[in-house]
Amino acid sequence: MPHLALESVSLRYDGGAPVLSNVSLDIASGEFVVVVGRSGCGKTSLLNLAAGFLHPTSGRVLVDDRPVAGPGAERAVVFQNDALFPWLSTAENVAFAARLAGASAAERRLQADRALEIVGLAGLGDRPVWQLSGGQRQRVGLARALAAEPDFLLMDEPLGALDAMTRETLQDLLLQTWGRNRAGTLLITHGVEEALYLATQIIVMAPGPGRIIRRLDVDFGRRRLAGESARSIKASPAFVEAREDLLDSIFEREAA
Ligand SMILES: Nc1ncnc2c1ncn2[C@@H]1O[C@H](COP(=O)(O)OP(=O)(O)OP(=O)(O)O)[C@@H](O)[C@H]1O
């Protein structure tokens with residue numbers, strides 16, 4: 001089973017103060033790991049290490065027990081700002097990696113149409129991306145990540161710039177997609193409810209230096225996939241209690 005691991009990872013930028021200290025994390029297929037924590041605690045740095053954009057100062061990043069040398073097709077990344085190419089059509093944005101890999105136009109189109117259907121944008125492949133709404137653009141970013149059928153999906157605040165309603169819709173999309181492809185997922189979010197709703201495991205980080213202060217297993221996403229409504233889950237006493245508990249951890253408050 002594909003497996004991404006950070007082993008006792010520490011990071012300093014250019015010899016400065018440590019940004020991450022002794023962080024260990026495992027993401028296997030079928031896991032949805034969500035990282036929360038105050039601004040500056042190193043969440044994005046952590047994701048960039050997992051993506052292979054950065055290298056740890058000490059410790060190791062491994063995929064299936066092999067050290068990561070850089071970015072790889074088995075680890076797809078989705079950013080907050082969709083990072084689409086405005087001069088390409090929606091379909092060509094989705095199939096961009098296939099284009100780099102030398103796939104034919106017909107193959108690329110097939111791949112793009114399949115991924116666009118998964119994210120609910122079937123039929124929009126020919127649209128220039130500048131004609132899409134913010135929510136549609138984030139869906140295209142997700143479709144692009146899914147097109148290559150990655151083993152791991154690494155997402156840095158992918159829904160952070162969206163309005164509340166679109167955000168809830170896309171949370172469900174992330175959950176349904178994960179429920180189908182079971183890609184090992186790492187998501188960074190500032191949304192505590194989003195973390196609880198999506199995660200199988202929540203990692204709480206604290207700054208100075210960035211480190212993990214808590215890990216907690218949750219199953220609200222699985223309840224949603226089993227058919228319970230989002231409203232019923234989010235209004236349930238267990239969810240409300242978990243939210244307060246998580247907020248206490250993030251802000252290192254004493255529980256009342
Ligand atoms: N390229 C860089 N060079 C030097 N310092 C950096 C660099 N990138 C981030 N940092 C510093 O590393 C620390 C952690 O930053 P990082 O962006 O990983 O945190 P974060 O938890 O994602 O923050 P936020 O929630 O605000 O996005 C911060 O103090 C930041 O200033």
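Here, residues in each chain are numbered from 1, in the same order as that chain's written sequence. In view of the model being predicted, local features appear only for residues whose pLDDT reaches at least 70, and side-chain atom pairs are presented and counted only at 80 or more, with totals across whole chains, interfaces and linings using the full set of residues.

- The chain appears in an unreviewed UniProt entry as Taurine ABC transporter ATP-binding protein from Kaistia terrae.
- UniProt positions are given in the numbering used here, feature names are shortened, and annotations may be inferred rather than shown by experiment. Word for word, the UniProt comment on the chain under Sequence similarities (unreviewed entry) is "Belongs to the ABC transporter superfamily."

## Digging into the sheet that holds strand S4 (residues 58–63)
Inference 1: Between any two strands, pairing holds if DSSP finds at least two bridges. We count a stretch as a helix when DSSP gives it H or I for four or more residues in a row; a strand needs E for two or more, and each element gets its number in order from the N terminus. The sheet built from four strands is open, its strands ordered S2-S1-S4-S5 with antiparallel pairing. Each edge of the open sheet carries a strand with a single partner, namely strand S2 (18–28) and strand S5 (66–67).
Inference 2: Sheet strands touched by helix H1 (residues 43–51): strand S1 (3–12), S2 and S4. Its angle to S1, the strand with the most contacts, is close to 125°. Placing a C-beta atom from the backbone of each residue, one calls two residues in contact when those atoms lie within 7 Å. Each axis is a line fitted through C-alpha atoms, taken for helices only over the stretch in contact, and angles between the N-to-C directions span 0 to 180 degrees.

## Let's talk about the pairing of strand S10 (residues 211–217)
Inference 1: Bridge count for strand S9 (residues 201–206) against S10 is six bridges, and the pairing is antiparallel. Counted as the bridge partner of Ile 202 is Leu 216 from S10.
Inference 2: Counting the residues that bridge the hairpin from S9 to S10 gives four residues, and of these Gly 208 lies at a positive phi of roughly 75°.

## A word on the sheet that holds strand S3 (residues 32–37)
Inference 1: A sheet is described by the order of its strands in space; here six strands give the open sequence S6-S7-S8-S3-S9-S10, paired in mixed fashion. A single partner strand is all that each edge strand has here, and the edge strands are strand S6 (75–78) and S10. On average, each strand axis in the sheet is inclined to that of its neighbour by 20°, with strand direction left out of account.
Inference 2: Both strand S7 (residues 152–156) and strand S8 (residues 184–188) contribute to a ladder of five bridges, which runs parallel. Residue pairing in the sheet places Leu 153 in a bridge with Thr 185 of S8.

## Observations regarding the site of the ligand
Inference 1: Residues are classed as near a molecule or strand if the C-beta position derived from their backbone is within 6 Å of it. Around the ligand, the neighbouring residues are Tyr 13, Val 19, Gly 37, Ser 39, Gly 40, Cys 41, Gly 42, Lys 43, Thr 44 and Ser 45.
Inference 2: Considering each element in turn, the shell around the ligand owes the most residues, three residues, to H1.
Inference 3: Residue polarity is assigned by list, with Asp, Glu, Lys and Arg as charged and Ala, Val, Leu, Ile, Met, Phe, Trp, Tyr, Cys and Pro as nonpolar; anything else, Gly included, falls into the polar class. For the shell around the ligand, the residue count by class is three nonpolar, six polar and one charged.

## Notes on the domain arrangement of the chain
Inference 1: Bear in mind that the domain bounds are from an automatic or database domain assignment. Parsing the chain into structural domains produces domain 1 (3–74 + 150–250) and domain 2 (85–149).
Inference 2: The C-alpha-based centres of domain 1 and domain 2 are spaced at 25 Å.
Inference 3: In this complex, domain 1 contributes 11 residues to the contact, which on the side of domain 2 involves 13 residues.
Inference 4: Top contributing element to the side of domain 1 that touches domain 2 by residue count: helix H6 (residues 164–181), with four residues.
Inference 5: In terms of residue class, the side of domain 1 that touches domain 2 is built from nine nonpolar, two polar and no charged.

## Comments concerning the pairing of S1
Inference 1: Judged from the seven bridges that link them, S1 and S2 form a sheet pairing that is antiparallel. In the sheet register, Val 9 faces S2, and the bridge partner there is Val 23.
Inference 2: The antiparallel hairpin formed by S1 and S2 contains five residues in its connecting segment, where Asp 14 sits at a positive phi of about 50°.
Inference 3: The sheet contact formed by S1 and S4 spans five bridges and is antiparallel. Opposite Ala 5, over in S4, you have Leu 62 as the bridge partner.

## Quick notes on H1
Inference 1: Counting buried residues in H1 gives seven out of nine residues, a clear majority hidden from the surface.
Inference 2: Residue burial is a threshold on neighbouring C-beta atoms within 10 Å of the residue's own C-beta, all placed from the backbone, with 20 or more meaning buried, 12 or fewer meaning exposed, and counts in between meaning partly exposed. Among the residues of H1, Lys 43, Ser 45, Leu 46, Leu 47, Leu 49, Ala 50 and Ala 51 are the ones counted as buried.
Inference 3: Phi turns positive one or two residues past the end of H1, at Gly 52, with a value near 90°.

## Considering unusual backbone geometry
Inference 1: Here the bond from Gly 208 into Pro 209 is cis, since omega is -10°, no more than 30 degrees from zero.
Inference 2: The phi angle at Asp 64 is positive, at roughly 50°, despite the residue not being glycine.
Inference 3: Within the secondary structure, Asp 64 is located in the loop between S4 and S5.
Inference 4: Classification of Asp 64 as exposed rests on a count of 11 C-beta atoms within 10 Å.
Inference 5: The backbone phi angle of Glu 157 is positive, close to 45°, even though this residue is not glycine.
Inference 6: Along the polypeptide, Glu 157 turns up in the loop between S7 and H6.

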